[in-house]
Amino acid sequence: MTTEKLMQLALERAGMESIPSDSTISVPGENIKKLAFGIDMESWIVDRHVAPSGSTLVVGTAGNFVQSKRFGLLLDALALVESDVNIHLRIAGSGPLEQVLKSKASELPGSNIEVEFLGQVHDMRAFYDSCDLFTFPAKNESFVLVVLEALARGRPVIVGSDVGGCRELLQDRINGLVIESTTEAWAKSLTALYRVRTLLSSLQSGAEASDLSRYDIRSTRTALERLVNGKESGE
């Protein structure tokens, strides 16, 4: 891949036609390689816990409280679900929009929706284990680390946009859902997963069976070493 093709791909992902004049950086190049981001997969898949799957659908999300993460969109979607749909949203993170999001959460109608702000979470494995599924509403992301981590813990993921490698990690209706990023689509998807537990169970099984081997830190390190040493052409 050349730098020109790489830039065109970036513009398409961002929904733009040209590079902003104040942010142009051009370094001509050819034969650009792509390597997967890696985590210590062995430590992430060990001792997985069974999802809660109780009478309430426990939904997780995590990230910095900034506009691009679109946590407000997720809260707006919860306002649209019907009163017989019980959802507990657990949000890990903090940031400048924290008070705005807490205010919006406090205005949600009905007692069927519970929103829990956890602040900075140090044990993310336990966080994912406490949820039935993970949601990722962000519109901008360099790499979807939280999506990878959630899948490694056997939790299906709902995403509202193809950013940061989402479509490389997710198979729609296999280990997660790829939906339109609208409040209506989010509300519909969460409602379906609450009411059709066989769908939720199927996605959880798919998440547990996800082949994440290329994202193991050992694989990515080996690929990088081979690329640096000129032994592999790369992707």
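Everything here concerns the structure above.
Residues numbered from 1 in each chain as written. Predicted model: local features only at pLDDT ≥ 70, side-chain atom pairs only at ≥ 80, totals over all residues. Heavy atoms only, no water.

Q: When you look at the overall build of the chain in this model, what are you seeing that I'm missing?
A: Summing up its helical and strand segments, the chain has 10 helices and 6 strands in all. Over its C-alpha atoms the chain spans a radius of gyration of 19 Å, differing by no more than 12% from the 18 Å that the globule rule assigns to 235 residues. A principal-axis box enclosing the C-alpha atoms of the chain has dimensions of 60 × 45 × 30 Å. Buried positions account for 41% of the 235 residues belonging to the chain. Sequence-distant contacts in the chain: of pairs separated by 6 or more residues, those separated by 24 or more amount to 75%. (Helix = DSSP H or I, 4+ residues; strand = E, 2+ residues; numbered from the N terminus. Rg over C-alpha atoms; globule rule 2.2 N^0.38 Å. Buried < 20%, exposed > 50% of the residue type's maximum accessible area, 1.4 Å probe, protein only. Contact = heavy atoms within 4.5 Å.)

Q: Mind showing me how you'd approach the packing of aromatic side chains here?
A: Each aromatic ring pair is characterised by the separation of its centres together with the angle its planes make. Considering all chains together, one arrives at 7 aromatic pairs under this definition. Each ring, one from Phe65 and one from Phe71, has its centre 5.6 Å from the other, and the planes form 85°; the classification is edge-to-face. Phe71 shares its class with Phe65; the two are buried. Residue Phe65 is classed as buried on the basis of its relative accessible area of 1%. Among the aromatic residues, those joined into a ring-pair cluster are Trp44, Phe127, Tyr128 and Phe134. If you follow Arg125 out to its NZ or CZ, it ends over the ring of Trp44, 4.3 Å from the centre. (Phe/Tyr/Trp six-rings, centres within 6.5 Å; stacked < 30°, edge-to-face > 60°. Lys NZ or Arg CZ within 6 Å of the ring centre and 35° of its normal.)

Q: Would you mind going over the packing of helix H3 (residues 71–78) against helix H8 (residues 183–195) with me for this structure?
A: Two quantities define a packed helix pair, namely the angle between the helix axes and the distance between the axes. Packing of H3 against H8 brings their axes to within 8 Å, and their N-to-C directions diverge by 60°. Considered as vectors, H3 and H8 are oriented oblique to each other. Remark: the crossing between H3 and H8 carries right-handed chirality. Packed against H3, whose contacting residues are Leu73, Leu74, Asp76, Ala77 and Leu78, the element H8 presents Thr183, Trp186, Ala187 and Leu190 at the interface. For the contact of H3 with H8, the per-class residue count stands at 7 nonpolar, 1 polar and 1 charged. (Axes fitted to C-alpha atoms, helices over the stretch in contact; angles between N-to-C directions. Parallel < 35°, antiparallel > 145°, perpendicular 65-115°, else oblique. Left-handed = near helix turned anticlockwise from the far one by under 90°. Nonpolar A, V, L, I, M, F, W, Y, C, P; charged D, E, K, R; others polar.)

Q: It is not clear to me how the pattern of salt bridges should be interpreted in this structure. Could you clarify?
A: A pair can form between side chains of opposite charge whenever their charged atoms are brought close. Counted under the stated rule, the structure contains 11 salt bridges. For Arg218, the salt bridge identified is with Glu42, shortest N-O distance 3.6 Å. Note that Arg218 is positioned in helix H10 (residues 217–228) and Glu42 in helix H2 (residues 41–45), a separation of 176 residues in sequence. A relative accessible area of 31% means that Arg218 is categorised as partly exposed. Arg90 is the partner of Glu116 in a salt bridge, and the nearest nitrogen-oxygen pair spans 3.0 Å. You can see Glu116 sitting in strand E3 (residues 113–119) and its partner Arg90 sitting in strand E2 (residues 87–92), a full 26 residues away along the chain. In this structure Glu116 comes out as partly exposed when scored by relative accessible area, which is 25%. Residue classification places Arg90 among the buried residues on the basis of a relative accessible area of 16%. Because the salt bridges share partners, they merge into one network encompassing Asp40, Glu42, Asp216 and Arg218. (Salt bridge = Lys/Arg side-chain N within 4 Å of Asp/Glu carboxyl O.)

Q: I'm lost on a nonpolar patch on the surface in this one. Help?
A: Residues Leu35, Leu224 and Val228 make up a contiguous nonpolar surface patch of roughly 270 Å² in combined accessible area. Structurally, Leu224 can be placed in helix H10. Residue classification places Leu224 among the partly exposed residues on the basis of a relative accessible area of 44%. (Patch = residues over 30% accessible without salt bridge, like charges linked within 9 Å, V, L, I, M, F, W, Y side chains within 5 Å. Areas by Shrake-Rupley, 256 points an atom, 1.4 Å probe, with all protein chains shown as cover.)

Q: I tried to follow unusual backbone geometry on my own but got confused; where do I start?
A: It is generally the case that most residues other than glycine have a negative phi and that most peptide bonds are trans. If you check the backbone angles, Ser53 has positive phi at about 45° while not being a glycine. Looking at the secondary structure, you find Ser53 in the loop between H2 and strand E1 (57–62). Even without being glycine, Arg173 reaches a positive phi, approximately 65°. For Arg173, a relative accessible area of 51% translates into the label exposed.

Q: Sorry, what's going on with the side chain of Lys69 here?
A: Relative to the elements of secondary structure, Lys69 occurs in the loop between E1 and H3. Residue Lys69 is classed as buried on the basis of its relative accessible area of 12%.

Q: It is not clear to me how the pairing of E3 should be interpreted in this structure. Could you clarify?
A: Moving residue by residue along a regular strand, the side chains alternate between the two faces of the sheet. In this sheet, E3 lies alongside E2 in parallel orientation, the contact comprising 6 bridges. When the sheet's bridge partners are listed, Ala92 is paired in E3 with Gly119. In this region the chain leaves E2, passes through helix H4 (residues 98–106) and returns to the parallel neighbour E3; the handedness of that crossover is right-handed. (Pairing = 2+ DSSP bridges. Right-handed = clockwise from strand over helix to strand, strands pointing away.)

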